[in-house]
Amino acid sequence: MSMLSVENIRLSYQTVAGETHAIKDISFSVEEGEFIGIVGPSGCGKSTLLSCIAGLTQPTGGRVVLDGKNVDGVSENIGYMLQTDNLLPWRSIYRNVLLGLEIQKKLNEETKAYAAELLKKYDLWDFRDSYPSALSGGMRQRVSLIRTLAVKPRLLLLDEAFSALDYQTRMNVSRDVYRILRSENKTMLMVTHDIPEAVSMSDRVMVLSQRPAVIASVVKCDFGRRRDPVAVRNNPRFQLYFDKVWKEMSR
Ligand code: ADP
Ligand code: MG
C-alpha cells in the first residue's frame, strides 16, 4: 500500500466573480520515503493541491488517503513549510521550536529532548537562546524545518519554501533540507517554480498543466537518494531531466 494516494481530486473555488476550476482530475500515489517535486505555471493550482493533501481544503470531488485513512481535516502526520519561516520574533530559537508541540499539547520531557536532539544534530543548539532576528535567512528556515519536524510528521509538504531566500542561501538551504529529511526518513512533496530545484531534490517531478491543473507529465530524476542536490547539478543527466520538465512546461 502506498503511503499517500490522491484519487481523482478536483476543486473549484466559488467567488462573487464566478467559479474558478483550480484542479481538474489529479491522481497519483507516493511511496514512503519518496521525494516528489511539483512544478507548473503560476496560478495553475499547485498550492491548492497541497492544501487538499494537508486537509486544509476539502476537495470538490475525489479523495486523499494517507496511511489507508481518508484525510478529512488537518492531520498530525503532515508537516507544512511555507515561504516565510513564520518564526515568532519574541521567542528564542528553542522556544520557537517547541511551539508546535505546545499547540498540539504534546510538550513533555520526551518531546523536549527530541527537539533538543534535532537542534544539536543540525547545528543550531548554540543558537537556542538567540532570537530569530540574530539568525541568517537560511538558519531561520532550518529552525522552521526543525519546528515542523519536532511534532514528528511523516509527510512534509513544502510550498515554495525557499523562494524568499537569495540564490546562494537557497542552494545551501535546499541541501540542508534534503539532508535532514533524508536522514529523518521523511516523505516529501515539494511545490516550486524553480525547475533545477525540483530536479535536484526529487525522485520524481510532476509537471502540472495550466489551470485547471491535471498532471501533464512525470519525470523521473534518477540520482539515487544519497545525492547532494547542489553537486548533482553538474551531473550530465541533470540537463536531460531539466529539458524534459522545461519542454512539458512550455507546451
Ligand atoms: P499556484 O499555487 O499554482 O500558483 P493556486 O493553487 O494558489 O495556484 O491557485 C489556483 C487558482 O485558484 C488561481 O487562479 C487562484 O487565483 C485561485 N484561487 C486560489 N485560492 C483561492 C481562493 N481561496 N478563492 C478563490 N480562488 C482561489
Ligand atoms: Mg502557490
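Cut-offs used in this document
- Residues numbered from 1 in each chain as written.
- Chains lettered and ligands numbered in written order.
- Predicted model: local features only at pLDDT ≥ 70, side-chain atom pairs only at ≥ 80, totals over all residues.
- Heavy atoms only, no water.
- Axes fitted to C-alpha atoms, helices over the stretch in contact; angles between N-to-C directions.
- Helix = DSSP H or I, 4+ residues; strand = E, 2+ residues; numbered from the N terminus.
- Parallel < 35°, antiparallel > 145°, perpendicular 65-115°, else oblique.
- Left-handed = near helix turned anticlockwise from the far one by under 90°.
- Contact = heavy atoms within 4.5 Å.
- Nonpolar A, V, L, I, M, F, W, Y, C, P; charged D, E, K, R; others polar.
- Pairing = 2+ DSSP bridges.
- Phe/Tyr/Trp six-rings, centres within 6.5 Å; stacked < 30°, edge-to-face > 60°.
- Buried < 20%, exposed > 50% of the residue type's maximum accessible area, 1.4 Å probe, protein only.
- Lys NZ or Arg CZ within 6 Å of the ring centre and 35° of its normal.
- Near = heavy atom within 4 Å.
- Polar contact = N/O pair within 3.5 Å; in protein donor to acceptor, adjacent residues only side chain to side chain.
- Areas by Shrake-Rupley, 256 points an atom, 1.4 Å probe, with all protein chains shown as cover.

### Details of the packing of helix α4 (residues 109-121) against helix α5 (residues 137-150)
What describes two packed helices is the angle between their axes and the distance between those same axes. Running from N to C, α4 and α5 cross one another at 150°; their axes reach a closest spacing of 10 Å. Between α4 and α5, the interaxial angle falls into the category roughly antiparallel. Read as a crossing pair, α4 and α5 show a hand that is right-handed. Contacts between α4 and α5 involve Y114, A115, L118 and L119 from the first element and I146, L149 and A150 from the second. Residues belonging to the contact of α4 with α5 are distributed by class as follows: 7 nonpolar, no polar and no charged.

### Concerning the sheet that holds strand β4 (residues 61-66)
On the basis of which strands lie adjacent, the open sheet formed by 4 strands has the order β2-β1-β4-β5 and antiparallel pairing. The open sheet is flanked by β2 (18-30) and β5 (69-70), the only strands paired with a single partner. Of the pairings in the sheet, the one linking strand β1 (residues 4-15) to β2 comprises 9 bridges and is antiparallel in character. Paired with L4 across the strands is V30, a residue of β2. Running over the sheet, helix α1 (residues 46-54) touches β1, β2 and β4 and is turned about 60° from β2.

### A look at the packing of aromatic side chains
The full count for this structure, using the stated rule, is 5 aromatic pairs. Ring centres of F223 and F238 lie 6.4 Å apart, and the angle between their planes is 25°; this geometry places the pair in the stacked category. Of this pair, F223 sits in the loop between β10 (215-220) and α8 (236-249) while F238 sits in helix α8, and the two are 15 residues apart along the sequence. Classification of F223 as buried rests on a relative accessible area of 12%. Classification of F238 by relative accessible area gives buried; the value is 7%. Arranged with centres 6.3 Å apart and planes meeting at 10°, the rings of F242 and W246 form a pair that is stacked. With F242 and W246 both in helix α8, this residue pair falls 4 residues apart, about one helical turn. Its end group placed over the ring of W125, K120 keeps NZ or CZ at 4.6 Å from the ring centre.

### Things to note about the site of ligand 1
Around ligand 1 lies a shell formed by Y13, T15, T20, A22, S42, G43, C44, G45, K46, S47, T48 and R211. One of the backbone N or O atoms of C44 is found 3.2 Å from an oxygen atom in ligand 1. T48 places a side-chain nitrogen or oxygen 2.5 Å from an oxygen atom of ligand 1. In isolation ligand 1 has 560 Å² of accessible area, and contact with the protein removes 62% of it. Among the elements of the structure, β1, β2 and α1 are those that each provide at least two residues to the shell around ligand 1. It is α1 that contributes the most residues to the shell around ligand 1, 3 residues altogether. Partitioned by chemical class, the residues of the shell around ligand 1 number 3 nonpolar, 7 polar and 2 charged.

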